[in-house]
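# Summary of structural features
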Amino acid sequence: MNYKMKNIFYFIFILLLIVSSCSKKIEEAYLSPNSYTKVEPEELLPQIISSMAANYGGHGPLNDARYVGAYIKNYAFYTANSVFDMMGYTNSSGDVAQSTWRTHFYDIGQNNQKMMQWAKEQNRLQFVGVGKAIEAWSWLMLTDYYGDVIVKQAFETDRLVFNYDDQETAYNKVRECAMEAIENLEKSSTDAKFAEGDKFFYNGDINKWKKFANSVLARYYNHFSNKSSYKPDSAIFYAERGISSTDDIAAVKYVASNVSATNNFYGPFRNNLAGTGTTSPTAIRQNEYIANMMNGTNSAFTGVQDPRAWYLLRGNVNGTIKGVASVAGQTALPANDRPESFFGVSQVAASNAAPANDNNCRFIFRNDSPIPVITDAEMKFIIAEAAFRKGDKAKALQAYKDGINAHFNMLTTMFNKNIPAGKEITEATKSAYMTNPTIVPASANDLTLTNIMMQKYIAMFGYGVLETWMDMRRYHYTDIDPQTGKQVYADFTVSTLDSRNNGKFVYRYYPRFNSEWVWNFEELKKIGGTNTDYHTKELWITTP
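The written sequence of each chain sets the order in which its residues are numbered from 1. Only residues with pLDDT of 70 or above have their local features reported here, since the model is predicted, and side-chain atom pairs are shown and tallied only from 80 upward, although totals for entire chains, interfaces and linings are computed over all residues. Working from all heavy atoms in the structure, the side-chain values ignore hydrogens and water.

### Considerations on the overall build of the chain
Which entries qualify depends on this criterion: We count a stretch as a helix when DSSP gives it H or I for four or more residues in a row; a strand needs E for two or more, and each element gets its number in order from the N terminus. For the radius of gyration, the atom set is restricted to C-alpha positions; the globular benchmark scales as 2.2 Å times the number of residues to the power 0.38. Residue contacts are defined here by distance: any two heavy atoms, one from each residue, within 4.5 Å place the two residues in contact.
Scanning the chain from terminus to terminus reveals 18 helices and 6 strands. Taking 2.2 N^0.38 as the reference for a compact globule, 544 residues should give roughly 24 Å; the C-alpha atoms of the chain span a radius of gyration of 26 Å, in line with that estimate. Summarising its shape, the C-alpha atoms of the chain cover approximately 105 × 50 × 45 Å along the three principal directions. For the chain, the proportion of contacts with a sequence separation of at least 24, taken over those separated by at least 6, is 73%.

### Notes on the confidence of the model for the chain
Selection criterion: Note on scores: pLDDT gives the predictor's confidence for each residue, bounded by 0 and 100.
Residues with a pLDDT of 70 or more make up 92% of the chain, whose mean pLDDT is 92. Counting contacts from residues 1-28, a segment whose pLDDT is below 50, to residues more than four positions away or on other chains yields 2 contacts.

### What to know about empty space enclosed by the protein
Defined as follows: Here a cavity means grid points, on a 1 Å grid over the protein atoms only, where a 1.4 Å probe fits yet cannot get out; a pocket means an open set of points with protein on both sides within 12 Å along at least five of seven lines; lining residues are those with an atom within 4 Å of a point. Grid points are joined across faces, edges and corners, and a volume is the space filled by probe spheres set on the points.
This model, assessed by the stated rule, comprises 2 cavities of 30 Å³ or more. The computed volume of the largest cavity comes to approximately 280 Å³. Contributing to the lining of the largest cavity are 20 residues, with P61, M141, R219, L466 and E467 lying nearest its centre. At the level of elements, α3 (61-71), α5 (125-146), β4 (371-374) and α16 (465-474) are the ones that each hand at least two residues to the lining of the largest cavity.

### Re the layout of surface pockets
Note the cut-off: The nonpolar class holds Ala, Val, Leu, Ile, Met, Phe, Trp, Tyr, Cys and Pro. Asp, Glu, Lys and Arg form the charged class, and all remaining residues, Gly among them, are polar.
For the largest pocket, the calculated volume is near 670 Å³. The wall of the largest pocket is formed by 23 residues, among which F105, Y106, A154, F162 and S515 lie closest to the centre. For the lining of the largest pocket, the elements supplying multiple residues, two or more each, are α4 (99-121) and α17 (513-519). For the lining of the largest pocket, the element with the highest residue contribution is α4, accounting for 7 residues. Within the lining of the largest pocket, the residues separate by chemical class into 10 nonpolar, 7 polar and 6 charged.

### Re the packing of aromatic side chains
Counted only if it meets this: Here a pair means two rings of Phe, Tyr or Trp (six-membered ring of Trp) with centres within 6.5 Å. Their orientation is stacked below 30 degrees between planes, edge-to-face above 60, and tilted elsewhere. A simple rule labels every residue: compare its accessible area, found with a 1.4 Å probe on the protein chains alone, to the largest value its type can have, and call it buried under 20%, exposed over 50%, or partly exposed in between. For a lysine, the NZ atom is tested; for an arginine, the CZ atom; a charge sits over a ring if that atom is within 6 Å of the ring centre and within 35 degrees of the ring normal.
Following the criterion strictly, the structure yields 49 aromatic pairs and no others. On the numbers, 4.8 Å between centres and 50° between planes, the contact of Y67 with F84 is tilted. Here the residue Y67 occupies a position in helix α3, and F84 occupies one in the loop between β1 (75-77) and α4, the gap between them amounting to 17 residues. Neither residue differs from the other here; Y67 and F84 are each classed as buried. Between R473 and the ring centre of W469, over which it is positioned, the NZ or CZ distance is 3.6 Å. Positioned above the aromatic ring of Y89 is the side chain of R500, whose terminal nitrogen or guanidinium carbon lies 3.8 Å from the ring centre.

### Section: the packing of helix α12 (residues 376-390) against helix α13 (residues 393-414)
Quick note on the threshold: Geometry is summarised by axes, namely lines fitted to C-alpha atoms with helices restricted to the contacting stretch, and by angles between N-to-C directions that run from 0 to 180 degrees. The scheme is simple: roughly parallel for angles under 35 degrees, roughly antiparallel for over 145, roughly perpendicular for 65 to 115, oblique for anything else. Should the near helix be turned counterclockwise from the far one by less than a right angle, the crossing is left-handed, whereas a clockwise turn marks it as right-handed.
Put simply, α12 and α13 touch, their axes get as near as 8 Å, and they point 160° apart. Comparing the axis directions of α12 and α13 gives the class roughly antiparallel. Note on packing geometry: the crossing formed by α12 with α13 is left-handed. For the pair α12 and α13, the contacting residues are D376, A377, K380, F381, I383, A384, A387 and F388 in the first and K393, K395, A396, A399, Y400, D402, G403, I404, A406 and H407 in the second. Class assignment for the residues of the contact of α12 with α13 results in 11 nonpolar, 2 polar and 5 charged.

### Let's talk about the pattern of salt bridges
Once their charged atoms are close, side chains differing in charge can pair, the charge on each being opposite to the other. Going by this rule: Salt bridge, as applied in this entry: a Lys or Arg side-chain nitrogen positioned within 4 Å of an Asp or Glu carboxyl oxygen.
Inspection of every chain in the model, using the stated rule, returns 32 salt bridges. Here K211 and D248 are joined by a salt bridge, their closest N and O atoms 2.9 Å apart. Within this pair, whereas K211 is found in helix α8 (residues 206-222), its partner D248 is found in the loop between α9 (232-240) and β2 (250-252), the two being separated by 37 residues in sequence. Take D248: its relative accessible area is 6%, and that puts it in the buried class. Across the salt bridge formed by D306 and R308, the nearest N and O atoms sit 2.8 Å from each other.

### Quick notes on α12
A turn of α-helix holds 3.6 residues, and therefore any two residues three or four places apart point the same way. Quick reminder of the rule: Expected span, for any helix, means 1.5 Å times one less than how many residues it has.
Here α12 spans 21 Å end to end across 15 residues, near enough to the 21 Å set by a 1.5 Å rise per residue. Within α12, 13 of the 15 residues are buried, leaving the element largely enclosed by the surrounding structure.

### Some details on the packing of α13 against helix α14 (residues 427-434)
Put simply, α13 and α14 touch, their axes get as near as 12 Å, and they point 155° apart. Comparing their axes, α14 and α13 come out roughly antiparallel. Classified by chirality, the crossing of α14 by α13 is right-handed. Residues K401, I404, N405, F408 and N409 of α13 pack against K430, Y433 and M434 of α14.

### Digging into helix α2 (residues 41-50)
The element α2 is extensively covered by neighbouring structure, given that 8 of its 10 residues are classed as buried. Those residues of α2 lying buried are P41, E42, L44, L45, Q47, I48, I49 and S50. Packing partners of the buried residues in α2 comprise α4, α5, α7 (192-197), α8 and β2.

### Quick notes on the nonpolar core
The line we're drawing: What we call a nonpolar core is a set of buried Ala, Val, Leu, Ile, Met, Phe, Trp, Tyr and Cys residues that are connected through their side-chain atoms within 4.5 Å.
In terms of nonpolar packing, the biggest core is built from 166 residues, with Y71, F84, F201, W209, F212, Y400 and Y489 touching the most fellow members. Those residues in contact with W209, other than ones at most four positions away along the chain, are I49, V130, A133, I134, L185, F194, D198, F201 and Y202.

### A few points about the environment of I243
Relative to the helices and strands, I243 is located in the loop between α9 and β2. Taking the C-alpha atoms as reference points, I243 and E378, separated by 135 residues in sequence, lie 8.8 Å from one another. In this view, I243 contacts Y202, K211, S215, D248, I249, A250, I374, T375, D376 and M379; residues no more than four positions away in its chain are not counted.

### Regarding the side chain of H407
As for its position among the elements, H407 is in helix α13. The class for H407 is buried, based on a relative accessible area of 1%. Sequence-distant contacts of H407, defined by excluding residues within four places in its chain, comprise R308, L312, A377, I458 and A459.

### So, unusual backbone geometry
Non-glycine residue F363 carries a positive phi angle of around 55°. Following the sequence through the fold, F363 ends up in the loop between α11 (309-312) and β4. With a phi close to 55°, N502 is a non-glycine residue in the positive phi region. Its location among the elements puts N502 in the loop between β6 (486-487) and α17.

### A short note on the side chain of Q330
The criterion, for reference: Two N or O atoms form a polar contact when they lie within 3.5 Å of each other; inside protein one atom must be a possible hydrogen donor and the other a possible acceptor, and for residues adjacent in sequence the pair counts only when both atoms belong to side chains.
Mapped onto the secondary structure, Q330 falls in the loop between α11 and β4. In terms of polar contacts, Q330 uses its side chain to reach the side chain of Q347, at 3.0 Å. What Q330 contacts, discounting residues up to four positions off in sequence, is F77, Y78, R285, V324, R338, P339 and Q347.

Pasting the structure below:
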C-alpha cells in the first residue's frame, strides 16, 4: 500500500472515531423516548402493586369483578336483562371484563419481569421474592379466569404468535413461582428503598410477604378439591403459614388525593359504579342472593339477622336490607325497597349519580378504602374446608368459627366508617350471632359444607369476587351437600341463561379481544376459543 493510500485510510479512521464520539454525546444528551430504559426496582413496584386491585388505567381485578360479580350473585345490574346477569359475555374491541388478561401480561407482566431481573443483578432478593409472589398470585388468577392460557412463551418479546398451554401447565407455574418467592424471601432483608416501593401494600415487611406467598399456595392446593391428586393436608399446611390476622391482611392502600390514581377504583371520585346500561358495569347493585344471606331469608340461615350486613350492604327507605334480582332490574322492586347505591344514594328516584364526596360511603366503596387481596378469614375457611374433607370435623369447626371471627375483626378494624347509628357491631351482637346454632353448630358433627362455603362467600363479598367464582365453579354452582341433601350454595338459581350458553353455566371467560382475537386468532382457534359457547367449557381444575 503506498503512502497516499495509507493517509486516506488513516483519515477515514479518524473521521469514524470523531463521528462515533459525536454520536455518542448526542445520544447521551438527547435520549430517544423509545430507547431502552432501566430503572430501580422500587420505582416499578408501586405500579405493579396497584394493578393487584385496579391501577391508574382502571385495569385489575376490581374492573372484572363488576361483571363476574353478577355470575356469582354478589351484584345485579341496575337495568333488566343484563347479559352478565344471564351468565353471558361481551366479546368486542371494548374488552369488557378483560382486565385479568391485560393485568397479567401487560400491567404486571414485563414490568414485574424486569423488576426481578434488575433486582437480581443487584442482589436485592427481596424484590425478586416479592415479584415471584405476585407472579404466582397472578398466574393463578389468570388461569382460573380463562382456563388454557399462554405460559411457556408468555414473556418472549421476539414473538408475534403465542401458543396456548393447558391449565395444568399454568397450575405448575403457580407452584413454581410461589416456591421461588419463599426461597428468595427467606434470604432477604428489608431496607428503606424496599419499604418505599412497598409503601402501599406491606411497607417492606418481609415476613408478611412470606405469609402472602404461603397464602397463594394455600389457594393453589385448595383448588384441587375435585382432582384425585387433592391434598387437603397441603392446603392446611400453607394456610396455617399464611395470613393469620387482620394486621397481616394483604391489601392495596390509597391516600385519596385529588389525583385519580391515588383513589380506590370503587370510590365515588373515580366514579366507576354510576350510570346505566345492560352490559355497563356502572349499573350494579347488591344482588338479592347476598342480601338474603344476611337478612335471614336464605334457607341456610333462616331467621338470622347478620350484624355485618350494615357494614357490607346498603339499606333502603324502609330500613331493611334487600337486593336486586338478577335480570329483573332495580325498578322491579317497590321504590321504598330499592337498596341505596353503593355510594349511599337513595334509589327511590332511581338515580345513578355519584356523590361529590364519600361521606356516606362505606366498606370498599370509599375513596380511601383499602382493597383486600387475600385475608386471614379466607385462610381460616380454606383450613375449615380441607379439614372437613379429610374428616377432621373438630378442626374444621374451629377453623370455621375462626373464619367468621376474622371477618368480623376485619370489618370493625378496617371498615368501620359511616355505619348507621345503632347498627354498629358490638360484642353482644357478635356473640348472639356466633352462638346461634343456625350459624355455628353446637357439635362438630353437625357442621356442613354449606356452612363453610356460604360463610366464606359472605366473608369474600365485594373484594374476593374472582376467588368466590372459583369456589362456586368447584361446586358446579348447584352441587349437593351430601350431609343435607340440598345445594351447597343454598337457594342459588339462574332463572335465565344467555342463549349462547346452550343451557349451561359459565366456567371461563374469553381470552382478550385486543390481543388474542386481533393478533393470535389462529392459535385461539386451536383451543376452541372462537366458539360461541367456549365460556361454558368446564375447567381442568374443576373436573375429576
